[in-house]
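Spelled out, the chains give:
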Amino acid sequence: MAGSSQTVSEYITHHLTNLTYGELPGGFEREDGAIIGEGGAWVMAHGAREASAMGFSAIHVDSMLWSTGLGILFCWLFRRVAKKAETGVPSGLVNVVEMIVEFVDSTVRDTFHGNNKLIAPLALTIFVWVLLMNLMDLVPIDLVPKVLEVVAGVPFQKIVPSTDVNITLGMAIGVFILMLYYSIKIKGFGFLKELSFTPFNHWAFIPVNLFMEVVGLLAKPFSLGLRLFGNLYAGEMIFILIAALFSAGVAWMVPAGFLQVTWAIFHLLIIPLQAFIFMVLTIVYLSMAHEDH
Amino acid sequence: MNINLTLIGQMIAFVCFVMFCMKYVWPPILAAMAEREKKMADGLAAADRASHDLELAKQKAVERLIEAKHEAASIVDAANKRGGQIVEEAKSAAVIEAGRVKTAAQAEIEQEANRAREHLRGQVAALSLAGAEKILGAAIDQKAHAGLVDKLAAEL
C-alpha cells in the first residue's frame, strides 16, 4: 500500500517505473545531486527521470529477468515433460502440457495450411510464455517489489514483463521479421508485386498501393505488440489504483477489496485471452506470408 | 514507456526460446502423443478382435456342449441296451441251468426209485416165497420155483 510518506501519484509512478540500468549522458545531474562526468556512465537509474534520460542505451533489468526467467521456466517445464513423455498413461503435469500442446497444435492446423516446422513450436512458445508473463499480473502488486526492497534494497520492480512495451514489441518485431523472411522466401518478387498492385491493380496506382500496403504491413507488428501491452498495462494500472484506494482510509477497505477480487476475476479472462490472441495473430500473419496469390 | 535495449534483449531471448522449443520440446512431445494415439488405436482394434474371438469361442463351446450331450445320450442308450441284453442272457442261462439241474435231479430220483423198486420187488418176492412156504407148509424148492418167483417179482 502507499506508505504515509508517499502521495498516491508518487506511489503510482513508483509502480510504473522499471528497474533500469543504462548510460547517463555526461553532465547529467542525478537525483542525489551528483553530476555524471564527461563521456557518461553506466549506472542503475534512481527514478523515472534518470531512466528516460538514458534513452535507448538502457535495459529494464526487472523486465528482462522476469521475462527470461519465465521463458526458462517454460523451457524447463516442457523439456522435462518431453523427456518423460512416454506412450503409457499420462498423469499430472504431462496431462496439462499435452493438453496445451494439443490445443496449440489444433489451432495451428486450423489456421496454417503450409508445411513449416517452425510455426507450431513458435506458437507454443508464444502462447505459454505470454501466458506466464501475463499471469504475473495476478501476484499482489506490492508483494514482490516490497519484499525485494526490504530484503535487497532494490528500489524499483515491475514483475509483469508484458506491461513493458519493449517486451511485447520485441516479440512482435521478432514475428514481423519472420513475416518478412517468409514473404520474401515463398513469394520472392511476388511479394513486391503484392505490395505494389493491391488493392488497385493498375500501374498508375503503384505509389498509392505501396503506401497503403506498407502502412498495413507495418501496422501488423505494432498492433500485435501494443494490443498485448495495452491490455496488460491497463489491467496493471487498475490493480495499482485499487491498491492505492486501500490507503484512502479504513472505510475504503471493503469496497477496495471487493473491486480487487472483481477485477482479478475479470482479469483472469484477459490473461489467457491475450496470450491466445497473440498466438493466433502470429499464426495468421505467418500464414498470410506463406500464401502465394 | 521508454523504448530501449530491452527490446533487443527480448528479441534475442525470444529467438532462443523458440529455437529451444523447436528442437527439444515440440518434436518429442508430439512424437510421444502420436505414438500413444497409435497404441490406443491398436489396443482398441485388439479389443475388438478379442471380443470377436470370444464370440466365436462361445459359439464353439455351445456346439461342443450339444455334441457332448448327444454323445452322452447315445452312450447311455447303448449301456442300457447292453445291460438289458446281459440280464436277458443271464436269465436264459439260468433257465437252461435250472432245466439241466431239474432233469438231473429227476433222473436221479427215477434211478433211486427204480433201485428202491428193485429192492422192494426182491423183498416182496422173498416175502411172498416165505408166505407161500408157510401157507404150503413146505419149502418150496428154490431152484424149481425160481422161474415162478422171478415172474412174480417182475409182476410186482
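Residues numbered from 1 in each chain as written. Chains lettered and ligands numbered in written order. Predicted model: local features only at pLDDT ≥ 70, side-chain atom pairs only at ≥ 80, totals over all residues. Heavy atoms only, no water.

Asks: Tell me about the overall build of chain B, and please be specific about residues and values.
Replies: Tallying secondary structure elements over chain B gives two helices and zero strands in all. For 156 residues, the compact-globule estimate of 2.2 N^0.38 gives 15 Å, and chain B exceeds it by more than 25% at 60 Å. Across its three principal directions, the C-alpha atoms of chain B cover 190 × 25 × 20 Å. Every one of the 156 residues in chain B was classed for burial, and the buried ones make up 14%. For chain B, the accessible surface area stands at approximately 12,000 Å², while carbon and sulfur atoms represent 65% of it. (Helix = DSSP H or I, 4+ residues; strand = E, 2+ residues; numbered from the N terminus. Rg over C-alpha atoms; globule rule 2.2 N^0.38 Å. Buried < 20%, exposed > 50% of the residue type's maximum accessible area, 1.4 Å probe, protein only. Areas by Shrake-Rupley, 256 points an atom, 1.4 Å probe, with all protein chains shown as cover.)

Asks: Tell me about the packing of aromatic side chains, and name the residues and values.
Replies: All names here are of chain A. By the definition in use, this model includes 11 aromatic pairs over all chains. On the basis of an interplanar angle of 50° and a centroid distance of 4.9 Å, the ring pair of Phe-74 and Phe-78 is categorised as tilted. Here Phe-74 and its partner Phe-78 are both found in helix 3 (residues 61-84), four residues apart, which amounts to about one turn of the helix. Residue Phe-74 shares its accessibility class with Phe-78, and that shared class is buried. (Phe/Tyr/Trp six-rings, centres within 6.5 Å; stacked < 30°, edge-to-face > 60°.)

Asks: Outline the interface of chain B and chain A, listing residues and values.
Replies: Facing 30 residues of chain B, the contacting portion of chain A comprises 54 residues. For the pair chain B and chain A, the two sides together bury roughly 3,700 Å², of which 76% comes from carbon and sulfur. The three residues of chain B that bury the most area against chain A are Phe14(B), Phe17(B) and Trp26(B), which together make up 19% of that side's buried surface. For the interface between chain B and chain A, the tally reads one salt bridge. Between Arg36(B) and Glu98(A) there is a salt bridge, with its nearest N and O atoms 2.8 Å apart. Taken together, the connections running from chain B to chain A amount to nine residue pairs in polar contact (both at pLDDT 80 or more). Of the residues that constitute the side of chain B that touches chain A, the class distribution is 21 nonpolar, five polar and four charged. (Contact = heavy atoms within 4.5 Å. Buried area = accessible area lost by both parts, 1.4 Å probe. Salt bridge = Lys/Arg side-chain N within 4 Å of Asp/Glu carboxyl O. Polar contact = N/O pair within 3.5 Å; in protein donor to acceptor, adjacent residues only side chain to side chain. Nonpolar A, V, L, I, M, F, W, Y, C, P; charged D, E, K, R; others polar.)

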